[in-house]
Amino acid sequence: MQASAPGIVQGGRAIGLETVGFSKQFGALRALDDVTLKVEPGSFHALLGENGAGKSTLVKCIMGFYRADSGDLLLDGREEKIRNPREARALGLGMVYQHFTLAPALTGAENLVISRADAPAIIDWAKETKRLDAFLDRMPFRAPLHVPVSQLSAGEKQKLEILKLLYLDQRFLILDEPTSVLTPQEADEILSLLRGMTDRGEITILMITHKFREVTAFADSLTVLRRGARVGGGKVGEITTEAMARMMIGDTPIRERAARQPTPPRAPLLELAAVYAVGPEGKNVLDGVDLKVRGGEIVGLAGVSGNGQSQLVEAMSGQIAIDDGCVLIRNQRFEPTREAFHRLKIFGLPEEPLKNAAAARMSVAENMAFRNFERPPNASLGWWLRPSAIRARARDLIGRYHVKTQSPDAPIGDLSGGNVQRAILARELSSDVDVLIVANPCFGLDFASVAEIRAQIMDQRNRGAAVLLISEDLDEILELSDQVAVMSEGRVVYVAPIAQTDRATIGMHMAGHD
Amino acid sequence: MSEGLVQTVLIALLGGALRVSTPFMFVALGECLTEKSGRVNLGLEGTLVLGAMTAYAISFHSGSPWLGVLAAGCAGAALGAIHGFVCKLPRVNDIAFGIAMMLLGTGLAFFFGKAYIQPSAPRLDAISLGGWSSDPRIASALQVHPLLLVGILVALAMWWAFANTRWGLLVRMSGDSAQSARAMGVSVDLVRFLATAAGGFLAGIGGAFLSLYYPGSWNQGLSSGQGLMAVALVIFARWNPLRCVAAALLFGATGAIGPALQSVGITQGYYFFNAAPYILTLVIMIGSAGSQKAGRDVPGELSITK
């Protein structure tokens, strides 16, 4: 076993991998159905599929987190049984997860050394530092090793995650949506460097992604999964992106993209003026945010996650305090109280709505009444609730917004992510909306839900609402926005009408370059 | 107050710090180790009392106080091991179970300790470091117990080990991000089990100091919440073993305010000054709750901060 010799990545050592007839059953759900996947040594293979298509289950079976019910795994043509992640690691398989797996309080060097199976009982830092430097010199990219990981940017962390696998001499890398936390430039840089390593035959890459652009630009072959089964694949270049999309979604009908109606210029409805907020670590998480959103306009706020977008939503919804500056709605100072939300008709869909906008163990009907349970007809005298009215209203919303739930009385936590999203959106859009604040509304949803939710947002715009759309998905911003704004390090650093900007410019500003 | 009196008070505070701080120090170091691994063990108060009783009993029967110290450590490690084992079971809250362990520890100590309240056991001897001074007050203040030096050495060793050994990094990693540790194939439960048991061992030794040196007898009112205050002390020390030593000395000194003032004839407010460590605990808790540095140093897996 060679995993102990750190980072001796040489040419021609890439591993080929093949799953033959992988199947996996979870209760009534057939998560994997006879999946055969062939990844040639030294190739860059993309694994495509919608959420719930079985991509994660497949790679988790490969990595030994789950055992496939049936099927064989071949590494370089030899059959191998992988019972746990440690065995996968010993065979040279490594994985970069969507969440970071580095310990935040440890430095990069500490994280790398301790991840080695043969980490010495007493660490000679002088010697280890020398070895790490020598290792980094052979790598196509670097990351700071001597500061705690918590102080690194998302891009640096992602590089360090990949460096860790290479340091452990893992030559088959599984990357699970590795670019979701990166700027387009950072993503391109890392992927092209990795592509170079595959071209030299040093490593093999299997990348889970839903970004067609990355597939066509960097991968050389692909496999598409749908509902646990392999529905297609082949060489990149021989399959159009339309064909990929068709394979991923199958015959599901998709609601037409909502038409953008021309709207007359209106006065700003929502205005942020020099909004500051101090985070738990004493840094300004919001560092003087200025932004205007007019009625009948969608302002798309782009940015790499962790640059203050979540805090901006939290500040406007009253979850964290605004330390300086103010939020104006129709030129009136807005304080996030229940009364003000109601009077000024401000609604919103925060990210992770199950956590931020719902009480998971309360029923769908109760959750749908959060905005107006104390008002008639849901209550009389402002405190005597009428559950029958609340339930009747919920039943109506469930029907109108196609929320899939067993009954209005089911706990909302039992619903799937897309349905929680729909239920909360139904609640927020069910009355007259003046200001709508949505954050990552389509994160992790299937195509059909995505189209529907985007159409709802566009409808509100067409009706004259001021919409602030905060999203980490640049394609979503480019599709929906009238104005694009970019947030970086707690500030809005760039605002432009959609017609006068492009992906590259936005990306530059996301990365903090002017 | 004349200069001589001030001097007397300061020397008494120094003596108090050196004498009273040792149990604080051991419990705090034990708690520091446990919390670094991502668990809170509030049972250390019980561990301290059981350690005191065990040390006294073993010293009485064997005639060797150092054997008593070792036995106290083992009793503490046993209590820690129970905590470490039970808390790895699903849906067990380490804080609630720690409180149960605190009551269990004191209960066991009172039950088995009934017989040892009367008899006199051999005590530990102090080392006199004050021989250079002609001032008898200094000489008596610098009566340093070897366990204090052991405690300082343990703190240095922990501080070094957290940065320079595999075990130190594994403990920190388990406390910081259990997911990262698991992804590497580390058994987080095992690391925490061992850290809690080792933390219990240290706290038990702190108890031995109480019954075998200062105050130097076994009775039911021996510990007045030192074990609980040590938990506050760890937060104050921001999970750094060296700062734990400094904080323990500070607590010891405040504990000696009352007696020190009494020794120069100020008896007014004696009980108030005796409450100084508790007041200090409160002030520290309030002060450090909003501290940004504490927020950065706290192990990410700790259930009190989640």
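Keep in mind the model is a prediction, meaning the values are calculated, not measured.

Rules of the game
- Residues numbered from 1 in each chain as written.
- Chains lettered and ligands numbered in written order.
- Predicted model: local features only at pLDDT ≥ 70, side-chain atom pairs only at ≥ 80, totals over all residues.
- Heavy atoms only, no water.
- Patch = residues over 30% accessible without salt bridge, like charges linked within 9 Å, V, L, I, M, F, W, Y side chains within 5 Å.
- Areas by Shrake-Rupley, 256 points an atom, 1.4 Å probe, with all protein chains shown as cover.
- Salt bridge = Lys/Arg side-chain N within 4 Å of Asp/Glu carboxyl O.
- Helix = DSSP H or I, 4+ residues; strand = E, 2+ residues; numbered from the N terminus.
- Expected span 1.5 Å × (residues − 1).
- Domains from an automatic or database assignment.
- Contact = heavy atoms within 4.5 Å.
- Buried area = accessible area lost by both parts, 1.4 Å probe.
- Polar contact = N/O pair within 3.5 Å; in protein donor to acceptor, adjacent residues only side chain to side chain.
- Buried < 20%, exposed > 50% of the residue type's maximum accessible area, 1.4 Å probe, protein only.
- Arc of directions from axis to C-beta.
- Pairing = 2+ DSSP bridges.
- Axes fitted to C-alpha atoms, helices over the stretch in contact; angles between N-to-C directions.
- Core = buried A, V, L, I, M, F, W, Y, C linked by side-chain atoms within 4.5 Å.
- Parallel < 35°, antiparallel > 145°, perpendicular 65-115°, else oblique.
- Left-handed = near helix turned anticlockwise from the far one by under 90°.
- Nonpolar A, V, L, I, M, F, W, Y, C, P; charged D, E, K, R; others polar.

Student: Can you help me understand a nonpolar patch on the surface in this one?
Tutor: A cluster of nonpolar side chains, A:Ile122, B:Ile127, B:Leu129, B:Leu149, B:Ile152, B:Leu153, B:Leu156, B:Trp159, B:Trp160 and B:Leu242, forms an exposed patch at the surface whose accessible area comes to about 890 Å². If one sorts the elements of the nonpolar patch by residue count, helix H6 (residues 146–164) of chain B sits on top with 6 residues. Secondary-structure assignment places B:Ile127 in strand E1 (residues 127–128).

Student: Would you explain helix H5 (residues 154–167) of chain A in this entry?
Tutor: In an α-helix, one turn spans 3.6 residues; hence positions three or four apart end up facing the same way. The first and last C-alpha atoms of H5(A) sit 19 Å apart over 14 residues, in line with the 20 Å expected at 1.5 Å per residue. Of the residues flanking the end of H5(A), it is A:Asp169, one or two places downstream, whose phi is positive at about 60°.

Student: Just to check I follow, could you spell out unusual backbone geometry for this structure?
Tutor: Of all residues except glycine, most have a negative phi; of all peptide bonds, most are trans. For the bond running from A:Pro376 to A:Pro377, omega is 5°, close enough to zero to count as cis. With respect to the helices and strands, A:Pro377 occurs in the loop between helix H12 (364–368) and strand E17 (379–380). Residue B:Tyr214 is joined to B:Pro215 through a cis peptide bond whose omega torsion reads 0°. Among the secondary structure elements, B:Pro215 is positioned in the loop between helix H9 (188–212) and helix H10 (226–236). Look at A:Asp34: it is not a glycine, yet its phi comes out positive at around 55°.

Student: It is not clear to me how the domain arrangement of chain A should be interpreted in this structure. Could you clarify?
Tutor: All names here are of chain A. You can read the domains of chain A as domain 1 (17–104 + 169–248) and domain 2 (268–510). Measuring from the centre of the C-alpha atoms in domain 1 to the corresponding centre in domain 2 gives 33 Å. On the domain 2 side, the residues contacting the 10 residues of domain 1 number 12 residues. Around 940 Å² of area is buried between domain 1 and domain 2 when both sides are counted, 59% of it from carbon and sulfur atoms. On the surface where domain 1 and domain 2 come into contact, there are 0 salt bridges. Linking domain 1 with domain 2 are 1 residue pair in polar contact (both at pLDDT 80 or more), by the criterion used here.

Student: Sorry if this is basic, but what is going on with helix H9 (residues 309–316) of chain A here?
Tutor: Residue and element names in this part refer to chain A. Every buried residue belonging to H9 is among Gln 309, Leu 312, Val 313, Ala 315 and Met 316, and all of these are buried. All buried residues of H9 fall inside an arc of 160° around its axis, so they share one side. Once H9 finishes, Gly 318 follows within two positions and takes phi at roughly 85°, a positive value.

Student: Explain the sheet that holds strand E1 (residues 17–26) of chain A here, please?
Tutor: Adjacent strands of a sheet form backbone hydrogen bonds with each other and so pair up, either parallel or antiparallel. Residues and elements named next belong to chain A. An order of E2-E1-E4-E5 is seen for the 4 strands of this open sheet, with the pairing classed as antiparallel. Looking at the sheet topology across the chains shown, the edges are occupied by strand E2 (29–39) and strand E5 (78–80). Recorded for the sheet is a direction-independent mean angle of 30° between the axes of neighbouring strands. Helix H1 (residues 55–63) contacts E1, E2 and strand E4 (70–75) of the sheet and is inclined by roughly 115° relative to E1.

Student: What is the right way to look at the sheet that holds strand E7 (residues 172–176) of chain A in this model?
Tutor: All names here are of chain A. The 6 strands lie next to each other as E6-E7-E8-E3-E9-E10, forming an open sheet whose pairing is mixed. At either end of the open sheet lies a strand with only one pairing partner, and these are strand E6 (93–96) and strand E10 (229–235). Each neighbouring strand pair of the sheet contributes to a mean axis angle of 20°, computed without reference to strand direction. Two strands pair when backbone bridges link them, and E7 and strand E8 (residues 204–208) are joined in this way by 5 bridges, in the parallel orientation. The partner of Leu 173 across the bridge, within E8, is Ile 205. Those strands touched by helix H8 (residues 241–249) are strand E3 (44–48), strand E9 (221–226) and E10, and its axis lies near 30° from that of E9.

Student: What am I meant to see in the nonpolar core here?
Tutor: Most often, soluble globular proteins keep nonpolar side chains buried together rather than apart. If you look at the biggest cluster of nonpolar residues, it comprises 134 residues, and the most contacted ones within it are A:Leu194, A:Leu222 and B:Trp218. Listed in part, the 36 residues of the second largest apolar core include A:Leu415, A:Ala426, A:Leu445 and A:Ile457.

Student: Teacher, can you tell me more about the packing of helix H1 (residues 3–36) of chain B against helix H11 (residues 241–255) of chain B here?
Tutor: Residues and elements named next belong to chain B. One can describe the packing of H1 onto H11 by two numbers: an axis separation of 6 Å at closest approach and a directional angle of 140°. Judged on the interaxial angle alone, H11 and H1 are oblique. Of the two possible hands of crossing, H1 and H11 adopt the one that is right-handed. On the side of H1, the interface is formed by Leu 13, Gly 16, Ala 17, Leu 18, Val 20, Ser 21, Phe 24, Met 25, Ala 28, Leu 29 and Cys 32, while H11 contributes Pro 241, Cys 244, Val 245, Ala 248, Leu 249, Phe 251, Gly 252 and Ala 253.

Student: What should I look at first to understand the side chain of B:His83 in this one?
Tutor: Residues and elements named next belong to chain B. Within the secondary structure, His 83 is located in helix H3 (residues 65–87). Within polar-contact distance, the side chain of His 83 engages the backbone oxygen of Asp 94 at 3.3 Å. Beyond its immediate stretch of four places on either side in the chain, His 83 contacts Arg 39, Val 40, Asn 41, Asp 94, Phe 97, Gly 98, Met 101 and Thr 196.

Student: Quick question: what am I supposed to make of the interface of chain B and chain A here?
Tutor: A common way to express how large an interface is: the accessible area buried when the components associate. In this assembly, 18 residues from chain B lie in contact with 23 residues from chain A. Between chain B and chain A, a total of about 1,800 Å² is buried, with carbon and sulfur atoms accounting for 57% of that surface. Of all residues in chain B, B:Arg166, B:Leu169 and B:Met184 bury the most surface against chain A, accounting for 29% of the area lost on that side. Linking chain B with chain A are 1 salt bridge. Close ionic contact of B:Arg172 with A:Glu110 constitutes a salt bridge, the shortest N to O distance being 3.0 Å. Taken together, the links from chain B to chain A amount to 9 residue pairs in polar contact (both at pLDDT 80 or more). The set of elements that each furnish at least two residues to the side of chain B that touches chain A consists of H6, helix H7 (166–176), helix H8 (178–183) and helix H15 (292–297) of chain B. The biggest single contributor to the side of chain B that touches chain A is H7(B), with 6 residues. Looking at side-chain class alone, the side of chain B that touches chain A contains 7 nonpolar, 7 polar and 4 charged residues.

Student: Is there a simple way to explain the environment of A:Ala53 in this structure?
Tutor: All names here are of chain A. Tracing the backbone shows Ala 53 in the loop between E3 and H1. Expressed as a C-alpha distance, the spacing of Ala 53 and Leu 32, which sit 21 residues apart in the sequence, is 8.4 Å. Among residues more than four places away in sequence, those in contact with Ala 53 are Ala 31, Leu 225, Arg 226, Arg 227 and Gly 228.

Student: Quick question: what am I supposed to make of the pattern of salt bridges here?
Tutor: Once the charged atoms of two side chains with opposite charge are near each other, the side chains can pair. Residue and element names in this part refer to chain A. Under the defined criterion, the tally for this structure stands at 38 salt bridges over all chains. A salt bridge links Glu 352 to Lys 355, with the nearest nitrogen and oxygen atoms 3.9 Å apart. Since its relative accessible area comes to 61%, Lys 355 is described here as exposed. When salt bridges with common partners are traced through the structure, they connect Arg 454, Asp 473, Glu 476 and Glu 479 into a single cluster.

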